[in-house]
Amino acid sequence: MIINPFPELEELLVNGSHPPTPRLLHLLEEMQIGYKDLGDKIVIDPSLEPFDETKIMSELLDALSPSESVRFEIYRDIGSTNEHVLANVEYGQLYICLAEHQTAGRGRRGRRWISPFGHNLYLSIGCYLQGPLEAFGGLSLLVGMRAVDVLRELGLSDVGLKWPNDLILDRGKLGGILIEFKSQEDHGVGVVVGTGINLRMNDHHASQIDQNWSATESYLNLSRNVLAGRLSARLIETLREFDRHGFGNYLSRWQDYNLFAGQEVIVKRGSEHFIGIDRGIDEKGNLLLDTGSVMQRHNAGEVSLRPISDH
Ligand code: BTN
């Protein structure tokens, strides 16, 4: 289902053009959507590929089981897909939520996720898993690994991960994953897996990002609908896989995805920092940092990692 409270904007997105109205022009300016004003009609920026339910579903259908209760929604504008799914996912349901634009996109460790209209991917998938919550340390790593698989299959062969789950391409952050939990309930733990991937950034939005970034358009022409469908399908399978087997089976594969395996890195915790060699992860998904004298274990919620060369 597509959710858009603005019918004229929806018509413009679906048909590509619409007569100019003051409200439509205001919305386009407010959401910074590219368009041309031809006098008698507004034409949408032709490089924009709005999300299309049918195209996404055709990539996704095989991953859904007929007995499952699925809620699938595309918002043209939302605060945060993660916040929305976290508040609304119900037990027994698989909730897939995409947005063209987020006004309050959330990043890890309390940061903002810059979410301009129409060119990137903002996806949240919610469901209930068996838990317990303490067993979920590896989920965010496994989700990162599977997201890399999808991007590599689509042609971005150099994508990899920076622990715990930053998607990195050409030394810039291509995407990120934010996993949030509802409190543990009798029937399991409500989980939301949120993924943001940059397909295109303009200078205005890029200037708001406080780290090196990358976007797929510099490397290949990727359909947002294909990416949205394939990534959703793979992440749904990943959630099932994790519910059945946990992370243990995938531990040894982490280093194939880790771009900094065996390299010198700097780990920051508040005002402290530690320098050492990245030796991968333990069974809980903690980073193993070899300082030369001791093997430290760091928890993803508490620290951030940088390659020493960026310091
Ligand atoms: C990170 O900081 O690396 C994680 C970023 C996660 C962003 C995605 S975009 C879709 C979902 N909704 C949000 O508000 N955040 C996540």
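Refer to the structure above for everything that follows.
Caption draft 1: Seen up close, the sheet that holds strand E6 (residues 93-99). One open sheet holds the 8 strands; their spatial order is E1-E5-E6-E7-E11-E10-E9-E8, and the pairing between them is mixed. Because the sheet does not close on itself, it has two edges, and the strands there are strand E1 (2-3) and strand E8 (160-162). In this structure, E1 lies alongside strand E5 (residues 69-75), joined through 2 bridges in parallel fashion. Bridge assignment links Ile2 to a residue of E5, and that residue is Ile74. Helix H7 (residues 224-245) rests against E6, strand E7 (121-129) and strand E11 (189-197) of the sheet, and its axis sits at about 25° to E7.

Caption draft 2: Summary view of the packing of aromatic side chains. The full count for this structure, using the stated rule, is 4 aromatic pairs. Between Phe136 and Phe181, the ring centres sit 5.4 Å apart and the planes meet at 40°, which makes this aromatic pair tilted. Taken as a pair, Phe136 in the loop between E7 and helix H5 (139-153) and Phe181 in strand E10 (residues 172-181) lie far apart in primary sequence, 45 residues in all. On the accessibility criterion, Phe136 (7% relative accessible area) is buried. Between Phe136 and Phe242 the ring centres are 5.6 Å apart and the planes differ by 75°, which places this aromatic pair in the edge-to-face class. Of this pair, Phe136 sits in the loop between E7 and H5 while Phe242 is found in helix H7, placing the two residues 106 residues apart along the sequence. Phe242 shares its class with Phe136; the two are buried. What links up through ring pairs into an aromatic cluster is the set Phe136, Phe181 and Phe242. Its guanidinium or amino end placed over the ring of Phe51, Arg224 lies 3.8 Å from that ring's centre, counting from NZ or CZ.

Caption draft 3: Broad picture of the site of the ligand. Neighbouring the ligand are 20 residues, the closest being Ser80, Thr81, Arg106, Arg108 and Lys173. Ser80 places a polar side-chain atom, nitrogen or oxygen, 2.7 Å from an oxygen atom of the ligand. Within the backbone of Asn82, one N or O atom sits 3.4 Å away from a nitrogen atom of the ligand. Taking 420 Å² as the accessible area of the ligand by itself, protein coverage stands at 98%. Contributing elements (two or more residues each) for the shell around the ligand: helix H4 (81-88), E7, E10 and E11. In terms of residues, the shell around the ligand owes the most to one element, E10, which gives 4 residues.

Caption draft 4: Spotlight on the pattern of salt bridges. If you walk through the whole model with that rule in mind, you get 21 salt bridges. If you follow the salt bridges from partner to partner, you end up with Glu10, Arg76, Glu100 and Arg224 in one network.

Caption draft 5: Representation of the side chain of Asp278. Within the secondary structure, Asp278 is located in strand E13 (residues 272-281). Although buried, Asp278 forms no salt bridge, and the nearest oppositely charged side chain, Arg279, lies 7.9 Å from it. Only 2.9 Å separates the side chain of Asp278 from the backbone nitrogen of Gly280, close enough to count as a polar contact. Residues contacting Asp278, with those up to four places away along its chain left out, are Gln255, Asn258, Phe260, Ala261, Gly262, Gln263, Val265, Leu287, Leu288 and Leu305.

Caption draft 6: Structural context of the packing of H5 against H7. At a closest axis distance of 10 Å, the pairing of H5 and H7 adopts a crossing angle of 145°. Of the two elements, H5 crosses H7, and the hand of that crossing is right-handed. For the pair formed by H5 and H7, the contact residues are Leu139, Leu142, Val143, Arg146, Ala147, Asp149, Val150, Leu151 and Glu153 on the first element and Leu227, Arg230, Leu231, Arg234, Leu235, Thr238, Leu239, Glu241 and Phe242 on the second. Each residue belonging to the contact of H5 with H7 can be placed in one class, and the counts come to 11 nonpolar, 1 polar and 6 charged.

Caption draft 7: Representation of the pairing of E6 in the model. Among the 7 residues that make up E6, 7 are buried, leaving the element largely enclosed by the rest of the structure. In E6, alternate side chains face the same way, and those of Gln93, Tyr95, Cys97 and Ala99 on one face and Leu94, Ile96 and Leu98 on the other are all buried. With 7 bridges connecting them, E5 and E6 associate as parallel partners. Paired with Glu73 across the two strands is Cys97, which belongs to E6. Handedness of the β-α-β unit built from E5, H4 and E6 comes out right-handed.

The rules behind the values
Residues numbered from 1 in each chain as written. Predicted model: local features only at pLDDT ≥ 70, side-chain atom pairs only at ≥ 80, totals over all residues. Heavy atoms only, no water. Pairing = 2+ DSSP bridges. Helix = DSSP H or I, 4+ residues; strand = E, 2+ residues; numbered from the N terminus. Contact = heavy atoms within 4.5 Å. Axes fitted to C-alpha atoms, helices over the stretch in contact; angles between N-to-C directions. Phe/Tyr/Trp six-rings, centres within 6.5 Å; stacked < 30°, edge-to-face > 60°. Buried < 20%, exposed > 50% of the residue type's maximum accessible area, 1.4 Å probe, protein only. Lys NZ or Arg CZ within 6 Å of the ring centre and 35° of its normal. Near = heavy atom within 4 Å. Polar contact = N/O pair within 3.5 Å; in protein donor to acceptor, adjacent residues only side chain to side chain. Areas by Shrake-Rupley, 256 points an atom, 1.4 Å probe, with all protein chains shown as cover. Salt bridge = Lys/Arg side-chain N within 4 Å of Asp/Glu carboxyl O. Lys, Arg positive; Asp, Glu negative; His and termini not counted. Left-handed = near helix turned anticlockwise from the far one by under 90°. Nonpolar A, V, L, I, M, F, W, Y, C, P; charged D, E, K, R; others polar. Right-handed = clockwise from strand over helix to strand, strands pointing away.

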